[in-house]
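A structural walkthrough
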Amino acid sequence: MAALGTLVALAASRFSAQAQDLRPESGKLIATAGLMQIEGAGGGGLAPWALITGYGTQDAVGANVHGTVVRVTDFTLSTFGLAVGLYDRVELSYARQFFDTGATGRSLGLGGGYQFSQDVYGVKLRLFGDGVLDQDSWLPQVAAGIQYKVNNRGAVLRAIGARSDQGADFYIAATKLFLAQSLLLNATMRLTRANQIGILGFGGDRSNAYHPEFEGSAAVLLSRNVAVGAEYRTKPNNLRFARESDWYDLFVTWLPMKAVSATLAYVDLGSVATRKHQEGVYASIQLGF
Amino acid sequence: MRASSLVSRQGAIAMLVATVAAANLLIAPAQAGTLYADLGEQRGLTRIVDGLLERALADARIKATLEDTNIDRLKRLLVLQLCGLTGGPCRYTGRTMKAAHADLNLTPRHFNALVEDLQDAMDAEHVSFWTQNHLLALLAPMHRDVVAARAGAKPEAAP
């Protein structure tokens, strides 16, 4: 009986020690956990960054949920996701995307209100560097990641010339905060076969190879709670039926506290599914610790 | 290369350049004098350090790490250190950062908590965000000496 009591006490103390380790500490400085990019990884709006999402430091976990709506001339892309940062080393993310063709769906021969959806499973590993605190060196923080995407419209995707309804993107991101300049820079190299990030499938009748693409972000911190910036993302051009453009955005982010951030952006997606000049608004809200 | 993509690429590169240029324009005034002058010289630094310690001693995240510390002496040394670091006419005479923090077992969370208290102290003294970041950029690399090696990491041999 006494032995059992000791065992229970031991287990309880072990559990509480573990709970201590796992309690949300939000130990990172505000804004240094990044935002959530369009495929659900910690990053800017378009590009994944090398920063591990969430406010947990090397001794803790962080997590968040987010919702993003991109409303351009003829289409709406919505993303909802959740992500976990483990010990400022590993990031796991899941996002579900909905691409709504609205009234345009009918003229594309898909039917009015036709919708594609896609699941994106992400993992990111921080390789080296501290992009925030190593202010005496030019060395950025570097991370590598994978985004595995599964689109729900295989038959339509094959009809428009895509080779597959699922695919993996591989990326390396380098991120550095130049604190004396209040400037954050990011460069990401992505290997991808995705057409319009996977919304129009993977590989195509023009090219089925992996292409290296560049994604850049620049942000200026105006205060502890406000940042403005711009992003650019190059894209492959795998499908014959529709040309694919590079994307860019101009954003402002407000972080009233670590638990909340809101981003508003002007975004230009160029030509999407034969429709030119797809410009509009990007709005995103993120909650977490 | 596609013509229209070239246009948007040039546009985006121009935007990135403009963002960086705007940042430098905004920051330029802060670099007019020395950082020491921008922080209010000896008097300003003293007030900032007073505000910092007042906040740190009330901060549940880090007050325990200051329990065995002579606060008046710490304040004197901090002012001296910040003065020397920012281009003022002082020389820090205290122990190295590594020696001073060796037994405290500090984590990144402790380090960042102190940064937040310092930011609040500088806000209270109306130090501009840009000037604050200039100072923080000088202090941030100290995390390597202040934060203890992770548990399980090989401890350094005592000299």
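Small disclaimer: the values here were computed from a predicted structure and weren't measured. (Residues numbered from 1 in each chain as written. Chains lettered and ligands numbered in written order. Predicted model: local features only at pLDDT ≥ 70, side-chain atom pairs only at ≥ 80, totals over all residues. Heavy atoms only, no water.)

What to know about empty space enclosed by the protein
Residues and elements named next belong to chain A.
- Summed over all chains, the structure comprises 7 cavities of 30 Å³ or more.
- Estimates place the volume of the largest cavity at around 190 Å³.
- The wall of the largest cavity is formed by 18 residues, among which A31, W49, L184, L221 and A227 lie closest to the centre.
- At the level of secondary structure, the elements contributing two or more residues to the lining of the largest cavity comprise β8 (166-178), β10 (211-221) and β12 (247-257).
- A breakdown of the residues in the lining of the largest cavity according to their chemical character gives 12 nonpolar, 5 polar and 1 charged. (1 Å grid on protein atoms, 1.4 Å probe; cavity = no way out; pocket = protein on both sides within 12 Å on 5 of 7 lines; lining within 4 Å. Points joined across faces, edges and corners; volume = space filled by probe spheres on them. Helix = DSSP H or I, 4+ residues; strand = E, 2+ residues; numbered from the N terminus. Nonpolar A, V, L, I, M, F, W, Y, C, P; charged D, E, K, R; others polar.)

A short note on the environment of A:S117
Residues and elements named next belong to chain A.
- Inspection of the secondary structure assignment puts S117 in strand β6 (residues 115-128).
- S117 has contacts with R96, Q97, F98, V150, N151 and N152, leaving out every residue within four places of it along the chain.
- At 3.3 Å, the side chain of S117 forms a polar contact with the side chain of R96. (Contact = heavy atoms within 4.5 Å. Polar contact = N/O pair within 3.5 Å; in protein donor to acceptor, adjacent residues only side chain to side chain.)

Structural notes on the layout of surface pockets
Residue and element names in this part refer to chain B.
- Computed from the structure, the largest pocket encloses a volume of approximately 1,200 Å³.
- Lining the largest pocket we find 50 residues, and of these L78, M97, H101, L114 and V146 sit closest to its centre.
- Secondary-structure elements contributing two or more residues to the lining of the largest pocket are α3 (41-57), α4 (71-85), α5 (97-101), α6 (108-124) and α7 (129-139).
- Per-class residue counts for the lining of the largest pocket are 34 nonpolar, 11 polar and 5 charged.

Quick notes on the side chain of A:K149
All names here are of chain A.
- The residue K149 is located in strand β7 (residues 141-151) in this model.
- A distance of 2.5 Å separates a polar atom in the side chain of K149 from a polar atom in the side chain of E39.
- Within the structure, the side chain of K149 is placed 3.0 Å from the backbone oxygen of I197, a separation counted as a polar contact.
- Leave out the neighbours within four places in its chain, and K149 touches E39, Q118, D119, V120, D165, Q166, G167, D169, R190, A194, I197 and F202.

Observations regarding the environment of A:F214
Residue and element names in this part refer to chain A.
- Looking at the element boundaries, F214 is found in strand β10.
- Along the backbone, F214 and L191 are 23 residues apart, and their C-alpha atoms lie at a distance of 9.1 Å.
- For F214, the residues in contact, after removing those within four places along its chain, are A187, T188, M189, Y232, R233 and T234.

Some words on the pattern of salt bridges
- Scanning all chains against the criterion turns up 22 salt bridges over all chains.
- Its salt-bridge partner being B:R61, residue B:E116 comes within 2.8 Å of it at the nearest N-O pair. Separated by 55 residues along the polypeptide, B:E116 in helix α6 and B:R61 in the loop between α3 and α4 bring together distant segments of the chain.
- Beyond isolated ion pairs, a larger network of salt bridges with shared partners links A:E39, A:K149, A:D169, A:R190, A:E215 and A:R233. (Salt bridge = Lys/Arg side-chain N within 4 Å of Asp/Glu carboxyl O.)

A few points about the nonpolar core
- Membership of the largest hydrophobic core comes to 71 residues, with the highest contact counts inside it found for A:V70, B:L39, B:L118, B:M122 and B:L135.
- Leaving out residues up to four positions away in the same chain, B:M122 has contacts with B:L39, B:I48, B:V127, B:Q132, B:L135 and B:L136.
- Counting 5 residues, the second largest nonpolar core, distinct from the first, contains A:A41, A:A143, A:Y171 and A:A173. (Core = buried A, V, L, I, M, F, W, Y, C linked by side-chain atoms within 4.5 Å. Buried < 20%, exposed > 50% of the residue type's maximum accessible area, 1.4 Å probe, protein only.)

Structural notes on α4(B)
Residue and element names in this part refer to chain B.
- For α4, spanning 15 residues, the distance from its first C-alpha to its last is 20 Å, which sits close to the expected 21 Å at 1.5 Å a residue.
- Listed in full, the buried residues belonging to α4 are I71, L77, L78, V79, Q81, L82 and C83.
- Turning to α4, the residues buried within the fold contact α2 (35-38), α3, α5 and α7.
- Of the residues flanking the start of α4, the one acting as N-cap is N70, its side-chain oxygen 3.2 Å from the backbone nitrogen of D72.
- Phi for G87, located one or two positions after α4, is positive at around 95°. (Expected span 1.5 Å × (residues − 1).)

Here we look at the side chain of A:S26
All names here are of chain A.
- By secondary structure assignment, the location of S26 is in the loop between α1 (2-22) and β1 (35-36).
- Residue classification places S26 among the buried residues on the basis of a relative accessible area of 18%.
- Once residues lying within four places of it in the same chain are set aside, the contact partners of S26 are Y55, K258 and F289.

A closer look at the state of the cysteines
Residue and element names in this part refer to chain B.
- For the coordinates displayed, the defined rule picks out 1 disulfide over all chains.
- Here C83 is linked by a disulfide to C90, with a sulfur-sulfur distance of 1.8 Å. For the disulfide bridge between C83 and C90, the dihedral angle about the S-S bond is near 75°, and by the sign convention the bridge is right-handed.
- On the basis of relative accessibility, which here comes to 0%, the residue C83 falls in the buried class. (Disulfide = S-S within 2.5 Å.)

Quick word on the sheet that holds strand β11 (residues 226-233) of chain A
Residue and element names in this part refer to chain A.
- Pairing in this closed barrel of 12 strands is antiparallel, and the strands run β3-β4-β5-β6-β7-β8-β9-β10-β11-β12-β13-β14 around the ring. Sheet twist, expressed as the mean angle between neighbouring strand axes with direction ignored, is 20°.
- Of the strand pairs in this sheet, β6 and β7 are connected by 10 bridges, and their pairing is antiparallel. Paired with L125 across the strands is A144, a residue of β7. (Pairing = 2+ DSSP bridges. Axes fitted to C-alpha atoms, helices over the stretch in contact; angles between N-to-C directions.)

Remarks on the pairing of β8(A)
Residue and element names in this part refer to chain A.
- Note that β7 and β8 share 10 bridges and pair antiparallel. In the strand pairing of β8, Q141 is matched with T175.
- Here β8 pairs with strand β9 (residues 183-192) via 9 bridges, running antiparallel. Residue pairing for β9: I172 is matched across the bridge by M189.

Some remarks on the packing of aromatic side chains
Residues and elements named next belong to chain A.
- Per the stated rule, a full pass over the model turns up 9 aromatic pairs over all chains.
- When the ring of Y114 is compared with that of F116, the centres are 5.2 Å apart and the planes differ by 75°; the resulting orientation is edge-to-face.
- Assessed through its relative accessible area of 2%, F116 is described here as buried.
- Ring centres 6.5 Å apart and planes at 15° place the aromatic pair Y232 and Y248 in the stacked group. With Y232 in strand β11 and Y248 in strand β12, this residue pair connects regions lying 16 residues apart in the sequence. You'll find Y232 and Y248 in the same group, each marked buried.
- A connected cluster of aromatic rings, assembled from ring pairs, spans F75, F99, Y114 and F116. (Phe/Tyr/Trp six-rings, centres within 6.5 Å; stacked < 30°, edge-to-face > 60°.)

As far as function goes, none of this settles anything; it's purely spatial.
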